[in-house]
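Residues per chain, in single letters:
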Amino acid sequence: MRETLVLNASFEPLSTVPLRRAVVLVLQDKAVVEQAHSGMRLRAASVELPVPQVIRLCRYVRVPFRRRAPWSRRGVLVRDRHRCAYCGRRATTVDHVLPRSLGGRDTWLNTVASCAADNHRKADRTPEQAGMRLLRRPFEPTPADALLLALGVREQEQLPEWLAPPEGSEVGVAA
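Residues numbered from 1 in each chain as written. Predicted model: local features only at pLDDT ≥ 70, side-chain atom pairs only at ≥ 80, totals over all residues. Heavy atoms only, no water.

1. What about the environment of Ala 69?
Then step 1. You can see Ala 69 is positioned in the loop between β4 (48-57) and α2 (73-79).
Then step 2. Along the chain, Ala 69 and Pro 143 lie 74 residues apart, while their C-alpha atoms are 4.4 Å from each other.
Then step 3. When neighbours within four sequence positions are excluded, Ala 69 is seen to be in contact with Trp 108, Pro 141, Thr 142, Pro 143 and Ala 146. (Helix = DSSP H or I, 4+ residues; strand = E, 2+ residues; numbered from the N terminus. Contact = heavy atoms within 4.5 Å.)

2. So, the environment of Asp 124
Then step 1. Positionally, Asp 124 belongs in the loop between α3 (116-122) and α4 (127-130).
Then step 2. We classify Asp 124 as partly exposed; its relative accessible area is 47%.
Then step 3. For the pair Asp 124 and His 96, spaced 28 residues apart in sequence, the C-alpha to C-alpha distance is 9.0 Å.
Then step 4. Setting aside residues no more than four positions away along its own chain, Asp 124 makes contact with Pro 99, Ser 101 and Leu 102.
Then step 5. Polar contacts involving the side chain of Asp 124 include one to the side chain of Ser 101, which spans 2.5 Å. (Buried < 20%, exposed > 50% of the residue type's maximum accessible area, 1.4 Å probe, protein only. Polar contact = N/O pair within 3.5 Å; in protein donor to acceptor, adjacent residues only side chain to side chain.)

3. Details of the sheet that holds strand β1 (residues 3-7)
Then step 1. Taken together, 4 strands build an open sheet; the order of strands is β2-β1-β4-β3 and the sheet is mixed. Where the open sheet ends on each side, the last strands, each with one partner, are β2 (13-18) and β3 (31-43). Recorded for the sheet is a direction-independent mean angle of 35° between the axes of neighbouring strands.
Then step 2. Running at roughly 90° to β4, helix α1 (residues 19-27) makes contact with β1, β2, β3 and β4 of the sheet. (Pairing = 2+ DSSP bridges. Axes fitted to C-alpha atoms, helices over the stretch in contact; angles between N-to-C directions.)

4. Quick look at unusual backbone geometry
Then step 1. For Asp 29, which is not a glycine, the phi torsion comes out positive at approximately 60°.
Then step 2. Mapped onto the fold, Asp 29 is located in the loop between α1 and β3.
Then step 3. With relative accessibility at 62%, the residue Asp 29 sits in the exposed group.
Then step 4. Unlike most non-glycine residues, His 82 shows phi in positive territory, near 55°.
Then step 5. Among the secondary structure elements, His 82 is positioned in the loop between α2 and β5 (93-96).

5. Here's the deal with the confidence of the model for the chain
Then step 1. Predicted confidence across the chain gives a mean pLDDT of 84, with 82% of residues reaching 70 or more.
Then step 2. Predicted confidence for residues 168-175 stays below pLDDT 50, and this span has 14 contacts to residues more than four positions away or in other chains. (pLDDT = per-residue confidence, 0-100.)

6. Some points on the pattern of salt bridges
As a working rule, side chains carrying opposite charge can pair if their charged atoms are close by.
Then step 1. The final tally for this structure, using the stated rule, is 6 salt bridges.
Then step 2. A salt bridge links Arg 43 to Glu 48, with the shortest nitrogen-to-oxygen separation between them at 3.7 Å.
Then step 3. The exposure class of Arg 43 is exposed, given its relative accessible area of 62%.
Then step 4. Ionic contacts of the salt-bridge type, sharing partners, join the residues Arg 41, Arg 43 and Glu 48 into one network. (Salt bridge = Lys/Arg side-chain N within 4 Å of Asp/Glu carboxyl O.)

Shown next as structure tokens:
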């Protein structure tokens, strides 16, 4: 299912929601479509609506300031674009660079996306102990980067310039 970016009334990114929820917000006049998927429309008996990629809330919602994107398994897979950090094939699991049994924690800098075969092969060891090397270093995305990654944005040209990530952002950078 497609994810839709939700902007506050002040154009600040808030979160991503499933397409169905975005459509409900628009139909209830709680949000307006800022950017739609080109050439795609939703049709019903009495309604025709562009498929929203970005919606903006009509009323401002006050949210506490967040300096860091919350860690999640899904977030790690999205950050690494579902590519194994060891071989580059499709990743389905999350691997701890420093295993939990050795004191490793669930953090952005200690977890990478991994295919099941490499995760099993590395087992309860560090990459050095297992004779494996990381193709790219894990990084901690900013909250805004995490939202753009969740949308699958790979190139800044896909979004209007007012929504493009700032210069120096790590989105799309394979460190």
